[in-house]
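Each chain, written out:
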Amino acid sequence: MARKSAVERRGELIEAGLQVIAREGMHGATVRAVVAEAGVPLATFHYVFSSRDEMIGEAYAYVALRPGEDPSAIVPDGAPLDEAVQAVLTLWFDRFIEHPEYELAIMEIMAYCSRTPALAHLPGEVQERYLEVLVAAIEALRSRYRLAGGMGARELAELVLHMTDGITYAWLRTRDTDASRRVIQAAVPVLVTALGTA
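The model shown is predicted, which means the values in this text are computed figures rather than measured ones.

What counts, and at which threshold
Residues numbered from 1 in each chain as written. Predicted model: local features only at pLDDT ≥ 70, side-chain atom pairs only at ≥ 80, totals over all residues. Heavy atoms only, no water. Core = buried A, V, L, I, M, F, W, Y, C linked by side-chain atoms within 4.5 Å. Buried < 20%, exposed > 50% of the residue type's maximum accessible area, 1.4 Å probe, protein only. Helix = DSSP H or I, 4+ residues; strand = E, 2+ residues; numbered from the N terminus. Contact = heavy atoms within 4.5 Å. Arc of directions from axis to C-beta. pLDDT = per-residue confidence, 0-100. Salt bridge = Lys/Arg side-chain N within 4 Å of Asp/Glu carboxyl O.

So, the nonpolar core
Phase 1 of the analysis: By size, the foremost hydrophobic cluster in this structure holds 30 residues, and its most contacted members are L13, L18, F45, F49, M55, Y60 and I109.
Phase 2 of the analysis: Looking at this core, the elements that each hand over two or more residues are α1 (6-24), α2 (31-38), α3 (42-48), α4 (52-64), α6 (100-114) and α7 (122-145).
Phase 3 of the analysis: Of all the elements, α1 adds the most residues to this core, at seven residues.
Phase 4 of the analysis: Ignoring any residue separated from it by four or fewer positions in sequence, one finds F49 in contact with R10, L13, I14, E54, M55 and E58.
Phase 5 of the analysis: Of all hydrophobic cores here, the second largest spans 29 residues; its members include L147, A157, L172 and A194.

What follows is the structure, given as structure tokens:
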């Protein structure tokens, strides 16, 4: 059997770390717990990571900084703008509730990074990456629907991010999926207006 590369091992350990953090919190994410979750020897961890903090920082980036998806790819041809916005938000929410443990892990890691000087820069970088992805999605929708005017792309991205953060945290507290979907539905006309007019 082919030997796995260091990159593959790092990915496996990051996935294992996220699972441990989501299940047991940061206090439970010891190096030994992570390697046990991954099913690899302790030496493997120390071969690919210099420290637990390095793994935690990469785990944050792994979940939060993944390349964005062009929203146009999931919008049916000929769909009106309100249906397109609804489709994009619904896809985001469905993916979130499919793996809410990732969001729990992100919240744990964000708090840890904020209190750890060597990692304190990461929450700001993650916020900027989220905004970049949202601005690209907004511009893609505006281009597809030939929209003009409306709110500035960055300002609208910040609005969307605050809205989705609110839905995320409310759902994690209540697990009320129907309420979250109602909020998404109520937000659609607000976002359509903010996108501009054809």
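After that view of the structure, there is still more to cover.
Things to note about the environment of V88
Phase 1 of the analysis: Looking at the element boundaries, V88 is found in helix α5 (residues 81-98).
Phase 2 of the analysis: Spatially, the C-alpha atoms of V88 and L147 are 17 Å apart, while their sequence positions differ by 59 residues.

Here's the deal with α2
Phase 1 of the analysis: Within α2 the residues assigned to the buried category are V31, V34 and V35. Take α2 and look down its axis: the buried residues cluster within an arc of 95°, on one side only. Residues R32 and A36 are exposed on α2 and point more than 90 degrees away from its buried face.

What to know about the confidence of the model for the chain
Phase 1 of the analysis: On average, residues of the chain score 89 in pLDDT, and 94% of them reach the 70 mark or higher.
Phase 2 of the analysis: Helix α9 (residues 177-195) holds the highest mean pLDDT among the elements of the chain, 97, whereas α4 holds the lowest, 83.

Thoughts on the pattern of salt bridges
Side-chain pairs of opposite charge can arise where the charged atoms are in close proximity.
Phase 1 of the analysis: Enumeration over the complete set of coordinates arrives at ten salt bridges.
Phase 2 of the analysis: R181 is paired through a salt bridge with D94; the nearest N and O atoms lie 2.8 Å apart. In this pair, R181 is assigned in helix α9 and D94 in helix α5, connecting sequence segments 87 residues apart.
Phase 3 of the analysis: For R181, a relative accessible area of 32% gives the class partly exposed.
Phase 4 of the analysis: D94 sits in the partly exposed class, given a relative accessible area of 32%.
Phase 5 of the analysis: Among the ionic pairs, R154 bridges to E158, the shortest N-O distance being 3.5 Å. With a gap of four residues between them, R154 and E158 both fall in helix α8 (residues 153-174), about one helical turn apart.
Phase 6 of the analysis: Given the relative accessible area of 32%, E158 is considered partly exposed.
Phase 7 of the analysis: Linked through salt bridges whose partners overlap, the residues forming this network are R10, E54 and E58.

Looking at unusual backbone geometry
Phase 1 of the analysis: Of note, the phi angle at R146 is positive, near 50°, even though the residue is not glycine.
Phase 2 of the analysis: When you line up the elements, R146 lands in the loop between α7 and α8.
Phase 3 of the analysis: In this structure, R175 takes a positive phi of about 60° despite not being glycine.
Phase 4 of the analysis: Mapped onto the secondary structure, R175 falls in the loop between α8 and α9.

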